[in-house]
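The primary structure of each chain is shown beneath.
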Amino acid sequence: MKIDLNSDLGEGFGRWKGGEDAELMKIISSANVACGFHAGDAVIMTRTVELAKANNVAIGAHVGLPDLLGFGRVAMDINPRDMQKHALYQLGALAAIAKVAGYKVTHANTHGAMGGMAKENPEYINLILDVFNAFDKELMFSGAVNSPGLDHARKLGMRTVGKIFADRNYDEDGTLITRKHPKALITDLEEVQARVSQFMHDSTIATLSGKRIKVDAKSILVHSDTPGAVAIAKMVRETVEKGGGQIVPFTELAD
């Protein structure tokens, strides 16, 4: 089994540092790069692209709400067509930086509260995917399992990869439980190992209630700002490889 190990990187701003990007780049196979709206700036984006290139890590645009103060994790009352323009702006910025560095943006997805907003109003993700596809027909989309974006991306003819989260708990409908919940995060390495082993065994994950749900995914994500992210990523990789799997960029996996 081939699995992509994915992380959200470049999530600092100015003098403020994000996660342990340099260490994570040695472990993961693809990175979602913050493009300056929920986090990141031109300098950090450039350094992240250069770091990814040096480690043969695929890069994608991680577009978010125009919300540095809230880190893009607070829903906004924003016109979906305006959000579409913000998404294109972010994708274009990262693509330009990557091109100058001799690298390429291979995928794109959305950050934070955009997932919940799209669930309430699919127009958000549909319009964003429309503009992704218009920008680059080869651009791939990595979406959370059971998210509305995957179906629309496939209708557009985009290559897609479903992803699960190693460090977040799920509700019974296959969506992430709110970060306000005391058990939103999974930081215990034994729990991480159990989740990855179960996923590799029968393509299921356990919800917070213990229910097993089937997932169509080939990518496992670790948030770089989760406490112990480097150790979690190492555990994911170790579990996949010990289980006979192989960590590869999801560009090798997209349907």
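Whatever comes next refers back to the structure up there.
Thresholds, definitions, all that
Residues numbered from 1 in each chain as written. Predicted model: local features only at pLDDT ≥ 70, side-chain atom pairs only at ≥ 80, totals over all residues. Heavy atoms only, no water. Helix = DSSP H or I, 4+ residues; strand = E, 2+ residues; numbered from the N terminus. Rg over C-alpha atoms; globule rule 2.2 N^0.38 Å. Buried < 20%, exposed > 50% of the residue type's maximum accessible area, 1.4 Å probe, protein only. Contact = heavy atoms within 4.5 Å. Axes fitted to C-alpha atoms, helices over the stretch in contact; angles between N-to-C directions. Left-handed = near helix turned anticlockwise from the far one by under 90°. Nonpolar A, V, L, I, M, F, W, Y, C, P; charged D, E, K, R; others polar. Phe/Tyr/Trp six-rings, centres within 6.5 Å; stacked < 30°, edge-to-face > 60°. Expected span 1.5 Å × (residues − 1). Polar contact = N/O pair within 3.5 Å; in protein donor to acceptor, adjacent residues only side chain to side chain. Pairing = 2+ DSSP bridges. Right-handed = clockwise from strand over helix to strand, strands pointing away. Salt bridge = Lys/Arg side-chain N within 4 Å of Asp/Glu carboxyl O.

Engineer: Would you take a moment to explain the overall build of the chain for this structure?
Structural biologist: Assigned secondary structure in the chain consists of eight helices and 10 strands. Its C-alpha atoms give the chain a radius of gyration of 17 Å, near enough to 18 Å, the size a compact globule of 255 residues would have. A burial count over the chain gives 54% of its 255 residues as buried. Taking the intrachain contacts of the chain between residues at least 6 apart in sequence as the baseline, contacts between residues at least 24 apart amount to 71%.

Engineer: Explain the packing of helix H7 (residues 189–202) against helix H8 (residues 229–242) here, please?
Structural biologist: In a pair of packed helices, the angle between the axes and the distance between the axes together describe the arrangement. Axis separation between H7 and H8 bottoms out at 9 Å; the angle between their running directions is 35 degrees. Every pair of crossing elements has a handedness; the one defined by H7 and H8 is right-handed. Two secondary-structure elements touch here, H7 through Leu 189, Val 192, Gln 193, Val 196, Ser 197 and Met 200 and H8 through Ala 231, Ile 232, Met 235, Val 236, Thr 239 and Val 240. Classifying every residue of the contact of H7 with H8 gives nine nonpolar, three polar and no charged.

Engineer: Sorry if this is basic, but what is going on with the packing of aromatic side chains here?
Structural biologist: A ring pair, where both rings are aromatic, is described by two values, the distance of the centres and the angle of the planes. Tallied over the entire structure, the rule returns two aromatic pairs. Each ring, one from Phe 37 and one from Tyr 89, has its centre 5.6 Å from the other, and the planes form 50 degrees; the classification is tilted. Taken together, the residues span a long stretch of sequence, with Phe 37 in the loop between strand E2 (30–34) and helix H2 (42–54) and Tyr 89 in helix H3 (residues 80–100) at a distance of 52 residues. For Phe 37, a relative accessible area of 14% gives the class buried. What makes Tyr 89 exposed here is its relative accessible area of 59%.

Engineer: Quick question: what am I supposed to make of unusual backbone geometry here?
Structural biologist: Residues other than glycine predominantly adopt negative phi, and peptide bonds predominantly adopt the trans conformation. Unusually for a residue other than glycine, Asn 56 sits at a positive phi of about 55 degrees. Relative to the elements of secondary structure, Asn 56 occurs in the loop between H2 and strand E3 (58–63).

Engineer: What exactly am I supposed to notice about H7 here?
Structural biologist: Think of an α-helix as turning once every 3.6 residues; residues three or four places apart then point the same way. End to end, H7 covers 20 Å across 14 residues, agreeing with the expected 20 Å (1.5 Å per residue, within 8%). The complete set of buried residues in H7 reads Val 192, Arg 195, Val 196, Gln 198, Phe 199 and Met 200. On its buried face, H7 sits against strand E1 (2–9), strand E6 (160–165), strand E7 (204–206), strand E8 (212–214), strand E9 (219–223) and H8. The N-cap residue of H7 is Asp 188: its side-chain oxygen and the backbone nitrogen of Glu 190 are 2.9 Å apart. Of the residues trailing H7, Ser 203 is marked for its positive phi of about 60 degrees.

Engineer: I tried to follow the pairing of E2 on my own but got confused; where do I start?
Structural biologist: Across a regular strand the side chains alternate sides, sitting on one face of the sheet and then on the other. When you tally the buried positions in E2, you get five out of five residues, the bulk of the element. With burial as the criterion, each face of E2 is covered, one bearing Ser 30, Asn 32 and Ala 34 and the other bearing Ala 31 and Val 33. With four bridges connecting them, E1 and E2 associate as parallel partners. Across the sheet, residue Leu 9 finds its bridge partner in E2, namely Val 33. Pairing of E2 with E3, which is carried by five bridges, proceeds in the parallel orientation. The residue of E3 that forms the bridge with Ala 31 is Ile 59. This β-α-β element, E2 to H2 to E3, shows right-handed connectivity.

Engineer: Can you walk me through the pattern of salt bridges in this structure?
Structural biologist: Here the idea is simple: oppositely charged side chains can pair when their charged atoms come close. Taken as a whole and assessed by the stated rule, the structure comprises nine salt bridges. A salt bridge links Lys 17 to Glu 20; the shortest N-O distance between them is 3.7 Å. For Lys 17, a relative accessible area of 63% gives the class exposed. With relative accessibility at 45%, the residue Glu 20 sits in the partly exposed group. The partner of Asp 173 in a salt bridge is Lys 119, and the shortest N-O contact between them spans 3.0 Å. Placement of Asp 173 in the loop between E6 and H7 and of Lys 119 in helix H4 (residues 114–120) is noted, with a sequence separation of 54 residues between them.

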